Amino acid sequence: MSKGRRIDLSNRIESANATVDGIVSRFHPDEEERIRRMNQESEVRILRFFPYIVALSVIAWVAILIVNNDYSLGYMIMDLCLVFVFVFTVLGMILFPLSTPGPFPKLMVVLIAIILALLQWISGQALGVSVYIETADKILGALGIHLDNLLLDIFTIVAVFWVTLFTSYGVLSVTVSYLRTDLSKVFLSMQKNAMRGTRGRAERFFQVPDIIDVKEIVLEPEIETHTFDLKLMIDMAWSNILLGITLSSYLFINPLFLETIDVKLLVSIMILLSMFVPILVVIWLSVRTVGAKAISDAPRPFYLWTGAKRKLVYSFFALGAFAVMLWLSLYYGHSLLTIIENYVSFVIPLVMLSLMFSFAFVNNYSDPLKVSVFRRFIEGKEKLSGFLH
């Protein structure tokens, strides 16, 4: 993309963001009060009980496998995904009302989730992709419930809306709760290493070059001039889509999975897995928004988010492995058209879910997370300086 086109796109996003700000101002005229209102009590409860929830989820998954007596690879993965999607949906139902108020009220968030759910269902019907309906029918059938076509369609739409809205808030609430606590600790450990002239796991994770002699870790949070950061939402949605497509390739063009797992089951698994892809994107975006950087004798600081992005995202972009798996799939007789159809069936739900996650993150989590991490880091840095000196 040429420089002129990039500038034009940036200007268009800026203009759209100004329009969004005008809409938002009707809902929340006081931005500062919104950022201060963070529900720390729910954060503490999440950190305390989530490990037990994970353990119970794994036990439930094992119990389902034993009851169904189906240990095929595809259904083992599918059942595991369904268990965790159900768990995060329930968490989202509990935590959505407790989430920090955003520029857009929660009623607007619900309306957006309804629209995205309808678009997923309509696009599936138009393309002849019935993954949601078939999945809903199988789940109801396992419970001994059988619905006619109209009721099944209605149930599917409601279920897609439910999952789209509450799973996004469940996943984001848990992820952000851990980041609020752990990000500042990671930066403080790097600050301690810098003061001692040593290196640790955090430096390796952020891929700080060995030639850099880190003197200090500094946070300079991005100063947002807009009430609702539309650019951050677009960045997150786009990154999530790219990462989701890349991860899906390890299933859609992998000869092992194409031989052992039904095509429709593959698509269902990837749609469910795509609900957890935003965790990786949120981590490096959070490091970017707090402006974490390593100061050294070099003329320019090293921004930690670049290393986090390479570690969490670029590691999946193995073009060599992609090419080899595609060649093997075609060599063993798998149709290129079928592979393309798998991608098409998956991309539309991926786009809708990415929009929901990115909107929810920017609306309810981004600013409170940035403020919390910065405050905890500054307080810890002052204590650390006094202790070591």
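The rules behind the values
- Residues numbered from 1 in each chain as written.
- Predicted model: local features only at pLDDT ≥ 70, side-chain atom pairs only at ≥ 80, totals over all residues.
- Heavy atoms only, no water.
- 1 Å grid on protein atoms, 1.4 Å probe; cavity = no way out; pocket = protein on both sides within 12 Å on 5 of 7 lines; lining within 4 Å.
- Points joined across faces, edges and corners; volume = space filled by probe spheres on them.
- Helix = DSSP H or I, 4+ residues; strand = E, 2+ residues; numbered from the N terminus.
- Nonpolar A, V, L, I, M, F, W, Y, C, P; charged D, E, K, R; others polar.
- Expected span 1.5 Å × (residues − 1).
- Buried < 20%, exposed > 50% of the residue type's maximum accessible area, 1.4 Å probe, protein only.
- Salt bridge = Lys/Arg side-chain N within 4 Å of Asp/Glu carboxyl O.
- Core = buried A, V, L, I, M, F, W, Y, C linked by side-chain atoms within 4.5 Å.
- Contact = heavy atoms within 4.5 Å.
- Axes fitted to C-alpha atoms, helices over the stretch in contact; angles between N-to-C directions.
- Parallel < 35°, antiparallel > 145°, perpendicular 65-115°, else oblique.
- Left-handed = near helix turned anticlockwise from the far one by under 90°.
- Phe/Tyr/Trp six-rings, centres within 6.5 Å; stacked < 30°, edge-to-face > 60°.
- Pairing = 2+ DSSP bridges.
- pLDDT = per-residue confidence, 0-100.

It is worth spelling out the layout of surface pockets at this point. The volume enclosed by the largest pocket comes to roughly 1300 Å³. If you go around the largest pocket, you meet 42 residues; those closest to its centre are Met-78, Leu-82, Thr-135, Ala-136 and Ile-139. For the lining of the largest pocket, the elements supplying multiple residues, two or more each, are helix H3 (40–68), helix H4 (73–95), helix H6 (131–142), helix H7 (149–196) and helix H11 (263–273). Considering each element in turn, the lining of the largest pocket owes the most residues, 10 residues, to H4. For the lining of the largest pocket, the per-class residue count stands at 28 nonpolar, eight polar and six charged.

Here helix H12 (residues 278–289) contains 12 residues, and its C-alpha end-to-end distance of 16 Å stays within 8% of the 16 Å for a straight helix at 1.5 Å per residue. Of all 12 residues making up H12, nine are buried, and the element is well covered by its neighbours. Buried within H12 we find Pro-278, Val-281, Val-282, Trp-284, Leu-285, Ser-286, Val-287, Arg-288 and Thr-289. After H12 finishes, the residue Gly-291 shows a positive phi value of roughly 65°.

With that settled, the discussion passes to the pattern of salt bridges. If you walk through the whole model with that rule in mind, you get six salt bridges. Lys-215 is paired through a salt bridge with Asp-213; the nearest N and O atoms lie 3.2 Å apart. For Lys-215, a relative accessible area of 41% corresponds to the partly exposed category. In this structure, a network of salt bridges that share partners links the residues Lys-231, Asp-235 and Arg-288.

Moving on, we get to the nonpolar core. Core analysis: the biggest nonpolar cluster contains 87 residues, and Leu-165, Phe-187, Leu-304 and Phe-361 have the highest contact counts within it. A per-element tally of this core places H7 first, with 15 residues. In this structure, Leu-304 is in contact with Phe-187, Met-190, Phe-206, Val-208, Val-287, Ala-292, Lys-293 and Ala-294, ignoring residues within four places of it in sequence.

H12 packs onto H7 with a crossing angle of 40° between their chain directions and a minimal axis gap of 11 Å. Comparing their axes, H12 and H7 come out oblique. Handedness of the H7/H12 crossing: right-handed. Packed against H7, whose contacting residues are Val-171, Leu-172, Thr-175, Leu-179, Leu-183 and Phe-187, the element H12 presents Ile-279, Val-282, Ile-283, Ser-286 and Val-287 at the interface. In terms of residue class, the contact of H7 with H12 is made up of nine nonpolar, two polar and no charged.

At Gln-207, a residue that is not glycine, the phi angle is positive and equals roughly 55°. Along the polypeptide, Gln-207 turns up in the loop between helix H8 (201–205) and strand E1 (216–219).

Going through the model one piece at a time under the given rule, you end up with 14 aromatic pairs. On the basis of an interplanar angle of 80° and a centroid distance of 6.0 Å, the ring pair of Phe-96 and Phe-166 is categorised as edge-to-face. Taken together, the positions of Phe-96 in the loop between H4 and helix H5 (106–127) and Phe-166 in helix H7 put the pair 70 residues apart, joining distant regions of the chain. Side by side, Phe-96 and Phe-166 carry an identical accessibility label, which is buried. Connected via pairs of aromatic rings, a cluster forms that spans Phe-96, Phe-161, Trp-162, Phe-166, Tyr-169 and Tyr-365.

Sheet topology places E1 next to strand E2 (residues 292–295); four bridges connect them, and they run antiparallel. Looking at E2, one finds that Val-218 is bridged to Lys-293. Here E2 pairs with strand E3 (residues 302–303) via two bridges, running antiparallel. Bridge pairing in E3 links Lys-293 to Tyr-303. Between E2 and E3, which pair antiparallel one after the other, the connecting turn spans six residues.

Attention shifts here to the confidence of the model for the protein chain. In this model, the protein chain carries a mean pLDDT of 78, and residues with pLDDT of at least 70 account for 75%. Predicted confidence for residues 23–27 stays below pLDDT 50, and this span has nine contacts to residues more than four positions away or in other chains. Low pLDDT (under 50) marks residues 29–38, which in the prediction has 19 contacts with non-local residues, meaning those over four places away or in another chain.

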